[in-house]
Amino acid sequence: MNAQVHISSLVVQLQPERIEEVSRHYQAHPGVEVHATDPCGKMVLVLETAGQREIVTFIEGLQQAPGVLSVSLVYHHAESADELDREMEEMSYDADAT
């Protein structure tokens, strides 16, 4: 069975004074990218996980973090790891050809 890769994006509303702390904490997690922050209290996270359960577990933990007011899943895509690898190889080949 081919492993899947789940890519999701979350918008987090949090207390403005906690942005830096929460951002640092979650940036240290493997598979998590803090894509953007806004000083008014918004943060965009991108996750790469092996399955939906990991996404739900991450969201549940994030909702319990001090200063976090809400977490919204705004994007989710699942694809086989083999297919993603193949697409990356094709992109690399195309870039080398130019």
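For the structure, see preceding data.
Residues numbered from 1 in each chain as written. Predicted model: local features only at pLDDT ≥ 70, side-chain atom pairs only at ≥ 80, totals over all residues. Heavy atoms only, no water.

*Asks:* Describe the overall build of the protein, with residues and values.
*Replies:* Along the backbone of the protein there are three helices and four strands. Its helices and strands in sequence order give the protein the pattern β-α-β-β-α-β-α, from N to C terminus. Burial statistics for the protein: of 98 residues in total, 30% are counted as buried. Sequence separation of at least 24 residues holds for 69% of the intrachain contacts in the protein that already meet a minimum separation of 6. (Helix = DSSP H or I, 4+ residues; strand = E, 2+ residues; numbered from the N terminus. Buried < 20%, exposed > 50% of the residue type's maximum accessible area, 1.4 Å probe, protein only. Contact = heavy atoms within 4.5 Å.)

*Asks:* Outline the nonpolar core, listing residues and values.
*Replies:* Of all hydrophobic cores here, the largest spans 18 residues; its most connected members are Leu-10, Val-12, Leu-45, Phe-58 and Leu-62. Among the elements of the structure, β1 (4–14), α1 (19–27), β2 (32–38), β3 (42–49), α2 (52–63) and β4 (68–80) are those that each provide at least two residues to this core. No other element matches α2, which puts four residues into this core. (Core = buried A, V, L, I, M, F, W, Y, C linked by side-chain atoms within 4.5 Å.)

*Asks:* Report on the sheet that holds β1, specifying residues and quantitative values.
*Replies:* Spatial ordering of the open sheet is given by β2-β3-β1-β4, a layout of four strands whose pairing is antiparallel. Every interior strand has two partners, whereas the edge strands, β2 and β4, have only one. This sheet shows a mean twist of 15° between the axes of neighbouring strands, independent of strand direction. Bridge count between β2 and β3: six bridges; the pairing is antiparallel. Residue pairing for β3: Asp-38 is matched across the bridge by Lys-42. (Pairing = 2+ DSSP bridges. Axes fitted to C-alpha atoms, helices over the stretch in contact; angles between N-to-C directions.)

*Asks:* Which residues make up the pairing of β3, and what values do they have?
*Replies:* A one-sided burial pattern is seen for β3, the buried positions being Met-43, Leu-45, Leu-47 and Thr-49 and the unburied ones Lys-42, Val-44, Val-46 and Glu-48. The pairing of β1 with β3 spans eight bridges and is antiparallel. Following the sheet pairing, Val-12 is matched in β3 by Met-43. Connecting β2 to the next strand, β3, in antiparallel fashion are three residues, including Gly-41 with a positive phi near 115°.

*Asks:* With reference to specific residues and values, describe α1.
*Replies:* Among all positions in α1, only Ile-19, Val-22, Ser-23 and Tyr-26 are buried. All buried residues of α1 project into a common sector of 100° when viewed along the axis, lining one side. Facing away from the buried side of α1, by more than 90 degrees, are the exposed residues Glu-20 and Arg-24. (Arc of directions from axis to C-beta.)

*Asks:* Run through the pattern of salt bridges, naming residues and quoting values.
*Replies:* Tallying each qualifying case throughout the model produces two salt bridges. Note that Glu-21 is salt-bridged to Arg-18, the shortest N-O span being 2.9 Å. We note a salt bridge from Arg-24 to Glu-20, for which the minimum N-O separation is 3.0 Å. Of this pair, Arg-24 and Glu-20 are both found in helix α1, four residues apart, which corresponds to roughly one turn of the helix. Residue classification places Glu-20 among the exposed residues on the basis of a relative accessible area of 58%. (Salt bridge = Lys/Arg side-chain N within 4 Å of Asp/Glu carboxyl O.)

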